[in-house]
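Summary of the model geometry
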Amino acid sequence: MKNIALDSILQLILSLNYVDTKRLNSSVKQKLDSDIVGKVIAEREDIVSECPHCHSPEFVKHGVTAKGIQRYRCKECKKTFCSLTKTPLYKMRKQDKWLSYVSMMWDGITLRKIAKTLNISLRTAFFWRH
Ligand SMILES: [Zn+2]
């Protein structure tokens, strides 16, 4: 989301009355609780301490990815990375489903059942296991 949209929302919030602000607060809390992937990304951003390519601690902020994730550029190897680089969530299109997938795998549910529940192909379910 562009910051312009966020700025507009923040501006609109100022005009809400108390009751509507409480309703908004409840909706925001609900969204935060359901956005497990967003939570994981935010937590990872807090602990980025080195370049995942060369392990140098010397890096600078370098814009954001298309998904709004902070991107960094290493001063040592000049490569760019984000908090998900070299994790299973990097470049994964179905990130939200992947976390549910992992949870079901821990519960010992079969790949076939997981694929059906998450509406992903058996091939994807098989690929993710690796
Ligand atoms: Zn580096």
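The protein chain is annotated in an unreviewed UniProt entry as InsA N-terminal zinc ribbon domain-containing protein of Photobacterium indicum.

**Some thoughts on the sheet that holds strand β3 (residues 80-82)**
Read from one edge of the open sheet, three strands run β1-β2-β3, paired in antiparallel fashion. Two strands in the sheet have a free side with no partner beyond their single neighbour: β1 (59-64) and β3. Direction aside, neighbouring strands of the sheet carry axes that sit 35° apart on average. Of the pairings in the sheet, the one linking β1 to strand β2 (residues 70-74) comprises four bridges and is antiparallel in character. Across the sheet, residue K61 finds its bridge partner in β2, namely Y72.

**Some remarks on the coordination of the zinc ion**
Coordination of the zinc ion by the protein involves C51 (SG), C54 (SG), C74 (SG) and C77 (SG), with metal-donor separations of 2.3 to 2.4 Å. In the primary structure, the donors to the zinc ion are separated according to the pattern C-x2-C-x19-C-x2-C. Separated by 23 residues along the polypeptide, C54 in the loop between α3 (36-46) and β1 and C77 in the loop between β2 and β3 bring together distant segments of the chain. Look at C77 and you get partly exposed, because its relative accessible area is 28%.

**Some details on the packing of helix α5 (residues 111-118) against helix α6 (residues 122-129)**
Relative to each other, α5 and α6 sit at 120°, their axes nearing to 9 Å. When the axes of α5 and α6 are compared, the crossing they make is right-handed. Contact residues: α5 offers L111, R112 and A115, while α6 offers L122, A125, F126 and R129. Counted by class, the contact of α5 with α6 contains five nonpolar, no polar and two charged residues.

Calculation criteria
Residues numbered from 1 in each chain as written. Predicted model: local features only at pLDDT ≥ 70, side-chain atom pairs only at ≥ 80, totals over all residues. Heavy atoms only, no water. Pairing = 2+ DSSP bridges. Helix = DSSP H or I, 4+ residues; strand = E, 2+ residues; numbered from the N terminus. Axes fitted to C-alpha atoms, helices over the stretch in contact; angles between N-to-C directions. Donors = N, O, S within 2.8 Å, 3.2 Å for Na, K, Ca; no water. Buried < 20%, exposed > 50% of the residue type's maximum accessible area, 1.4 Å probe, protein only. Left-handed = near helix turned anticlockwise from the far one by under 90°. Contact = heavy atoms within 4.5 Å. Nonpolar A, V, L, I, M, F, W, Y, C, P; charged D, E, K, R; others polar.

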